[in-house]
Amino acid sequence: MNKDTVEGAMSRLANTMRIYIETFLRYKGLVAIDKEEAINNMDRAWESKLEAFHTLYDVTQGEIDYFDRPDTAFLIFLRNALHHRNHSLFQ
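The rules we used
- Residues numbered from 1 in each chain as written.
- Predicted model: local features only at pLDDT ≥ 70, side-chain atom pairs only at ≥ 80, totals over all residues.
- Heavy atoms only, no water.
- Salt bridge = Lys/Arg side-chain N within 4 Å of Asp/Glu carboxyl O.
- Helix = DSSP H or I, 4+ residues; strand = E, 2+ residues; numbered from the N terminus.
- Buried < 20%, exposed > 50% of the residue type's maximum accessible area, 1.4 Å probe, protein only.
- Contact = heavy atoms within 4.5 Å.
- Polar contact = N/O pair within 3.5 Å; in protein donor to acceptor, adjacent residues only side chain to side chain.
- Axes fitted to C-alpha atoms, helices over the stretch in contact; angles between N-to-C directions.
- Parallel < 35°, antiparallel > 145°, perpendicular 65-115°, else oblique.
- Left-handed = near helix turned anticlockwise from the far one by under 90°.
- Nonpolar A, V, L, I, M, F, W, Y, C, P; charged D, E, K, R; others polar.

**Focus: the pattern of salt bridges**
In step 1: Inspection of every chain in the model, using the stated rule, returns four salt bridges.
In step 2: Two residues, lysine 3 and glutamate 7, come together in a salt bridge whose shortest N-O distance is 3.6 Å. Highlighted residues: lysine 3 and glutamate 7, both in helix H1 (residues 3–33), separated by four residues, approximately one helical turn.
In step 3: Residue lysine 3 is classed as exposed on the basis of its relative accessible area of 62%.
In step 4: Across the pair arginine 79 and glutamate 51 runs a salt bridge, and its minimum N-O distance is 3.2 Å. Placement of arginine 79 in helix H3 (residues 70–83) and of glutamate 51 in helix H2 (residues 35–60) is noted, with a sequence separation of 28 residues between them.

Okay, structure coming up:
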């Protein structure tokens, strides 16, 4: 496991978590103006968090058993379902 790669993945996850909170805080004001935009922003922020978590999973899966923990396993399954939503397995 490359320390710089893991630090980069952690930094990306932390950044997407911050962006999600900022999007959440702006949601109430934006939904009054443009409901579709507000919902799309929340959806994109959530998907970005899942992608960033999956990147961290990719670079640390040899060190951490993500499927031994229900919460982390669920996040990986959810991300894969969203990421591969057009695949017959998830339809």
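So much for the structure itself; the text now carries on.
**Examining the side chain of threonine 72**
In step 1: Inspection of the secondary structure assignment puts threonine 72 in helix H3.
In step 2: Apart from the residues lying within four places of it in its own chain, the contact partners of threonine 72 are Phe53 and Tyr66.

**Structural notes on the side chain of threonine 60**
In step 1: Within the secondary structure, threonine 60 is located in helix H2.
In step 2: Here leucine 56 takes part through its backbone oxygen, which lies 2.7 Å from a polar atom of the side chain of threonine 60.
In step 3: Within the structure, threonine 60 has its side chain in polar contact with the side chain of tyrosine 66 (distance 2.4 Å).

**A closer look at the packing of H1 against H2**
In step 1: Where H1 meets H2, the closest approach of the two axes is 8 Å, and the angle between their N-to-C directions is 170°. Between H1 and H2, the interaxial angle falls into the category roughly antiparallel. Pair H1 / H2 crosses with left-handed handedness.
In step 2: Partitioning the contact of H1 with H2 into residue classes produces 20 nonpolar, seven polar and five charged.

**Remarks on the environment of tryptophan 46**
In step 1: Along the chain, tryptophan 46 falls in helix H2.
In step 2: Its relative accessible area of 31% is what places tryptophan 46 among the partly exposed residues.
In step 3: Distance from tryptophan 46 to isoleucine 19, taken between C-alpha atoms, is 9.4 Å for residues 27 residues apart in sequence.
In step 4: Dropping the residues within four chain positions of it, tryptophan 46 is found in contact with Tyr20, Leu75 and Leu78.

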